[in-house]
Amino acid sequence: MTKPAPNTSEKYDLGFANWVYENVNGGDKLGLCMQCGVCSGSCPIGEQMDHGPRKLFMMIRAGMKDEVLSSNTMWNCTSCYRCVVRCPRSVPVTYILQDLAAKSVELGYAKPNENSKFSNSFWWSAKTFGRTDERLVTAKYYFSFGVVEGVKRGLDNLKIAWGMIKTGRMHLTMPHQIKDKAGLKAILAKAAEIEERESKS
Amino acid sequence: MSEKKKFTYYPGCSSQGSALHLDESLRAIAPSLDIELEDIEDWNCCGASVGHIGGGQLPNLSLTGRNLAKAQERGKQDVVTGCAACYLNTHAGNEKIKNDVNVRAQVNEALSAADMEYDEDLQVRHMCEVIVNDVGLDKVREKVTNPLTGLKVAGYVGCQTVRPFAGTDGGGNYDTYDNPEFLDNFAEACGAEAVEYNPKTSCCGGSVAVMSPDRTLHLIKTIVEDAVEAGADVIATPCPLCQTNVEMYQDAINKKYGTDFHIPVMFYSQLMAVAFGLDGEKDAALHRNTIRSEKLEKMAK
Ligand code: SF4
Ligand code: SF4
């Protein structure tokens, strides 16, 4: 947990903090952080993070770009918003972590991990059908680890799946989907295009 | 409120899958509460807590934009959803769009690709907040014809129903985010007994529990264990993901920790349906729980 600490013999990217302030959703509020540690102390899953949110925010200020963007902090965040409601300085901690996760993928820092694989499977369903088909998202996610691991994860969860099927909470027919899939596709493509345009300006 | 109040209803993806019983029981109790629900036509996914990673911020927000544009076609009445994640995303997205002209312009530019536009200032609300603020507990009490006498309920609120918006004007100021009482009040209004329960707003692991149960089983264990120790017959929750996670992982917890948990996890709306004297299967959807509550089923009509 304590591994990367600022090291005077290394060069840090001091423009990184500014980049985060300007480009990460909620990042403009990061300057308000007073390092009290309430966020990390409140986090239900903090012990599984490389660095709690407080420390990660200090590392951002210190310009530790590589360590921040390759940390597993944002991938463990469950989006429970406890840090957000407790932060005495109203820093939108969860939103910042969520967008850092997206940015770490975009910039090629995040190695494929469970969360990024799951997110991709999820988005695939939302984009393709307009709805989350829990069954297909889960299957696609399991098999994103390869066939052997996919089958293993499937078998591990067979009892759960059977319970869901018996109670009618998992259907076996066509995916649920919206009617205007073409419209949604056009909206999402346009939104991606605008985002690209804005990030360059 | 004695006249019917109309809402535009956003069921969310889980309403067609894992949380079918939330949707069924909400639709069943709505008339008793004088609520009329009219679905958003052709609604889409809200993006949940991971959409921005796979899709990016603006595409993810455009999912909400499309839902709001579709909701606007129904009129200016408030939008309501029973799902915690749908509420969080749609409410947060709506506020962002309403408060930032640039964001609204970008979302509308994206929506224009399908000839759609969101130019209203709708309100997005959570069903529990509507029940507290618009319907009122008195009305709930008044509708109870089949009190759940003797049923002990652990009110497990979870995170996203109350965090981060419960204590804000936009979130309806209906309760606090750290010690909410509305769920206990619902249970008691139905004639049940709300037990002392500490992990009310503890996190079940959310989508991390779905993708990597090993990282979060200890969180769910506390939620279950405290309910059992408090003598609860059932855990009640408003959140689709909490309901599924806390129900489906009890076996895995038993295996990992050598425990023997087997406690039903119900939606508050299922309890209300039973207490209102509605049908146990068709309305309360009690058959949809993988861990069933015999005690509640015996009480049901
Ligand atoms: S709680 Fe807020 S102010 Fe305190 S360390 Fe965390 S982000 Fe900074
Ligand atoms: S939202 Fe994320 S970082 Fe904040 S307390 Fe919850 S899990 Fe921890």
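Preceding this paragraph is the structure being described.
The paragraphs below set out a description of the structure included in this document. The written sequence of each chain sets the order in which its residues are numbered from 1. Think of it this way: whatever chain is written first is A, whatever ligand is written first is 1, and the rest follow in order. Only residues with pLDDT of 70 or above have their local features reported here, since the model is predicted, and side-chain atom pairs are shown and tallied only from 80 upward, although totals for entire chains, interfaces and linings are computed over all residues. Side-chain measures here rest on the full set of heavy atoms in the structure, leaving out hydrogens and waters.

Some thoughts on the nonpolar core
Okay, step 1: A:Phe57, A:Ile60, A:Val91, A:Leu97 and A:Leu100 are the most contacted members of the largest nonpolar core, which totals 79 residues.
Okay, step 2: Nonpolar core, defined: a set of buried Ala, Val, Leu, Ile, Met, Phe, Trp, Tyr and Cys residues in which side-chain atoms within 4.5 Å join the residues together. For the exposure calls, accessible area comes from a 1.4 Å probe over protein chains only, and a residue counts as buried if that area is under 20% of its type's maximum, exposed if over 50%, partly exposed in between. Among the nonpolar cores identified, the runner-up in size contains 50 residues, and B:Ala28, B:Cys128, B:Val135 and B:Ala189 belong to it.

Some details on the interface of chain A and chain B
The extent of an interface is frequently quoted as the accessible surface area lost upon association of the parts.
Okay, step 1: Of the residues lining the interface, 58 residues belong to chain A; the matching set on chain B comes to 68 residues.
Okay, step 2: Here chain A and chain B share an interface that buries about 5300 Å² over both sides, 59% of which is from carbon and sulfur atoms.
Okay, step 3: Buried area: the sum, over both parts, of the accessible surface (1.4 Å probe) that disappears when the two are put together. In terms of surface lost to chain B, no three residues of chain A exceed A:Trp123, A:Arg169 and A:Ile187, which account for 14% of the buried area on that side.
Okay, step 4: Here, a salt bridge means any Lys or Arg side-chain nitrogen found within 4 Å of an Asp or Glu carboxyl oxygen. Our enumeration of links across chain A and chain B arrives at four salt bridges.
Okay, step 5: A:Arg169 is the salt-bridge partner of B:Glu247, the closest N and O atoms lying 2.8 Å from each other.
Okay, step 6: For the purposes of these results, a polar contact is taken to be a pair of N or O atoms within 3.5 Å, where, inside protein, one atom must be able to donate a hydrogen and its partner to accept one; residues adjacent in sequence count only when each atom of the pair is a side-chain atom. Put simply, chain A and chain B have 27 residue pairs in polar contact (both at pLDDT 80 or more) between them.
Okay, step 7: Strands here mean DSSP runs of E at least two residues long; helices mean DSSP runs of H or I at least four residues long; both are numbered from the N terminus. Taken together, the elements giving at least two residues each to the side of chain A that touches chain B come down to α5 (73-76), α6 (82-86), α7 (93-106), α8 (114-129), α9 (134-143), α11 (158-166) and α12 (181-200) of chain A. Residue contacts are counted whenever heavy atoms from the two residues lie within 4.5 Å of one another.

Topic: the site of ligand 1
Residues and elements named next belong to chain A.
Okay, step 1: Any residue with a heavy atom positioned within 4 Å of a molecule or strand is treated as near that molecule or strand. Taken together, 14 residues sit near ligand 1, with Cys 33, Cys 36, Gly 37, Cys 39 and Cys 87 positioned nearest.
Okay, step 2: The set of elements that each furnish at least two residues to the shell around ligand 1 consists of α2 (38-42) and α3 (53-61).
Okay, step 3: Each residue gets one of three labels, nonpolar for Ala, Val, Leu, Ile, Met, Phe, Trp, Tyr, Cys and Pro, charged for Asp, Glu, Lys and Arg, and polar for the others, Gly among them. The residue inventory of the shell around ligand 1, partitioned by class, reads 10 nonpolar, two polar and two charged.

Side note on the pairing of strand β1 (residues 5-9) of chain B
As a general feature of sheets, a regular strand has side chains that alternate between the two faces.
Residue and element names in this part refer to chain B.
Okay, step 1: Of the pairings in the sheet, the one linking β1 to strand β2 (residues 35-39) comprises five bridges and is parallel in character. Bridging from a neighbouring strand, Tyr 9 pairs with Asp 39 of β2.
Okay, step 2: With respect to chirality, the unit in which β1 leads through helix α1 (residues 20-29) into the neighbouring parallel β2 is right-handed. If DSSP finds at least two bridges between two strands, the strands pair. Looking down the strands as they point away from the viewer, one classifies a crossover as right-handed if the path from the first strand across the helix to the second runs clockwise.

Overview of α12(A)
Okay, step 1: To estimate how far a helix should extend, the number of its residues minus one is multiplied by 1.5 Å. With 20 residues, α12(A) extends 29 Å between its outermost C-alpha atoms, agreeing within 8% with the 28 Å of an ideal straight helix rising 1.5 Å per residue.
Okay, step 2: Listing the buried residues of α12(A) in full gives A:Gly183, A:Leu184, A:Ile187, A:Leu188, A:Ala191 and A:Ile194. Summarising the axial view, the buried residues of α12(A) lie within an arc of 130°, below the 170-degree limit, and thus occupy one face. Those residues of α12(A) that are exposed and angled more than 90 degrees off the buried face are A:Ala182, A:Lys185 and A:Lys200.
Okay, step 3: Of the surrounding elements, those touching the buried residues of α12(A) are α8 of chain A together with α3 (57-72) and α5 (101-111) of chain B. Here, the arc refers to the directions that run from the helix axis to the C-beta atoms.

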